[in-house]
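Listed below, chain by chain, are the residues.
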Amino acid sequence: MAEPTKVFLDEDDIPTHWYNIVADFPTPPPPPLHPGTKEPLQPDDLAALFPMGLIAQEASTERWIEIPQPVRDIYKLWRPAPLHRAHRLEAALGTTAKIYYKYEGESPVGSHKTNSAVPQAYYNALEGRMRITTETGAGQWGSALAFATQIFGQTCDVWQVRNTYESKPYRRMLMETFGATVTPSPSDRTDAGRALQAKFPGTPGSLGMAISEAVEEAAKDSGASYALGSVLNHVTLHQSVIGLEALKQLEKFGEKAPDYLFACAGGGSNLAGIAFPFLRENIEGRASTRIIACEPAAAPSLTQGEYRYDFGDASGMTPLLKMYTLGAEFVPDPVHAGGLRYHGMAPLVSHAYHEGLIEAIAVKQRAAFAAGVEFARAEGIVPASESCHAIAGALDQARKATEDGASPVILIGVSGSGQLDLPAYSEFLSGSMLDA
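Because the structure is predicted, anything quoted here is derived from the model rather than measured.

Attention now goes to helix α15 (residues 365-379). Counted at 1.5 Å a residue, the expected span for α15 with its 15 residues is 21 Å, and the 21 Å between its end C-alpha atoms agrees. Where α15 is concerned, the buried positions are Q365, A368, F369, A371, G372, V373, F375, A376, A378 and E379. Where α15 ends, the next residue or the one after it, G380, has phi of about 80°, a positive value.

See the structure below:
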């Protein structure tokens, strides 16, 4: 019989619980600190920005947290997501490796971000918080939250990093189609935005700047909440549905666990989502998967940052997080992978890296897009700019395996579709793309 090209699961196989890696870390991760007292953060310290349902998840040490049925019902629009065997890519490479990829591009907005946007909107709606503010880089998260909030009858204000607001107009149009108000950041709408423009004249913006504006706006409105698309514990928790499904799907392919897992890493939600369930297999001795975070060379927080407490935003308005950071005021070059242009890394991903449980590489922009084009021409899917970094790392490993005469199993997290990234691909194909 011919080997299958992809494996789907039934809707009944959508996970009933999110997986929380905190329960299984050999050493507990450092707590977030109050920016004023420098003492560990208490739940009440976050109440102005987040509903209690999400605050409880942020601090939880429980291994499994039940997914509310209304959230699972909405997940059915795109979950379970398929796991593909990349037969054509393997043939194009002439590799001895077996390559699989988990594809999140079939979600309503074309990325993994809906996995967290829907529960965040849900928990806010439960508490009557009907206005949500947020930031977005490439527009994937902003689109996901715009989609999720309209389901629950909420309004959504998005501050989009100015560089991608200008270079990815279709992302803005998608957010507006779902009813969101989109503002380029830094803007004149907030004190933080005005101060950042004065401090960094002509800046292309950054996720840290956009976070500052969204947090300020939410803090001023008692009926509003702030939502973050990556970094925080509850976001990585929601994304665990990716890896939980992939574990079952690899089994259907006859695989126990991959030898290598590659995923892109900016704030850390996509990496954590696919990798943490496999990291649990490693910790409990059932597997020995090498997990590689693939970050952009323009924002190499893991490979070049310091592991210390830092603000999550550019204006110092957020709690202090123990993470790998390039500094809260670091403004990455305006590369096309806007979702990865962040100065820090999720505290749980940072902790895993610090403990030697995962690895990291930095990928230059042209190498990432070269891999994305190679993937697209073989598999027929144009990957998101961010995912190209993971694909580049995986293809390098596949080529090395061939040179070594090895046949490892490689799993790639493809976090979304690149259909709205085509201007970036055009720039690469024309030869005008710079690495930074």
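That shown, we press on.
The next subject is the pairing of strand β10 (residues 260-264). Counting buried positions over the five residues of β10 gives five, a clear majority of the element. Alternating residues of β10 divide into Y260, F262 and C264 and L261 and A263, and every residue in both groups is buried. Inspection of the sheet shows β10 paired to strand β11 (residues 290-296) by five bridges, in the parallel sense. Note on β11: the bridge partner recorded for Y260 is R290. The parallel pair β10 and β11, bridged by helix α12 (residues 269-283), forms a crossover whose chirality is right-handed. Strand direction decides the pairing type here: β10 and strand β15 (residues 409-414), joined by four bridges, are parallel. By the bridge assignment for β15, F262 is matched with I412.

This brings us to the nonpolar core. Of all hydrophobic cores here, the largest spans 67 residues; its most connected members are W18, Y75, L261, L271, F276, V349 and L411. When residues in this core are grouped by element, the largest group, seven residues, is from α12. A368, F375, A376 and I410 belong to the second-largest nonpolar core, a separate cluster that totals 38 residues.

Take the pattern of salt bridges next. For the structure on display, the rule yields 31 salt bridges. Its salt-bridge partner being E245, residue K102 comes within 2.8 Å of it at the nearest N-O pair. One end of the pair, K102, is in strand β5 (residues 98-103); the other, E245, is in helix α11 (residues 241-252), and 143 residues separate them in sequence. The same class applies to K102 as to E245, namely buried. The partner of R189 in a salt bridge is E217, and the shortest N-O contact between them spans 3.9 Å. Placement of the pair is R189 in the loop between β8 (181-185) and α8 (191-199) and E217 in helix α9 (residues 207-219), with a sequence separation of 28 residues. What makes R189 partly exposed here is its relative accessible area of 35%. Taking the relative accessible area as the measure of exposure, E217 reaches 11% and is therefore buried. Within this structure, R131, D157, R189, E216, E217, K220 and D221 form a network of salt bridges that share partners.

Cut-offs applied
- Residues numbered from 1 in each chain as written.
- Predicted model: local features only at pLDDT ≥ 70, side-chain atom pairs only at ≥ 80, totals over all residues.
- Heavy atoms only, no water.
- Helix = DSSP H or I, 4+ residues; strand = E, 2+ residues; numbered from the N terminus.
- Expected span 1.5 Å × (residues − 1).
- Buried < 20%, exposed > 50% of the residue type's maximum accessible area, 1.4 Å probe, protein only.
- Pairing = 2+ DSSP bridges.
- Right-handed = clockwise from strand over helix to strand, strands pointing away.
- Core = buried A, V, L, I, M, F, W, Y, C linked by side-chain atoms within 4.5 Å.
- Salt bridge = Lys/Arg side-chain N within 4 Å of Asp/Glu carboxyl O.

Shape descriptors only; they carry no functional weight alone.
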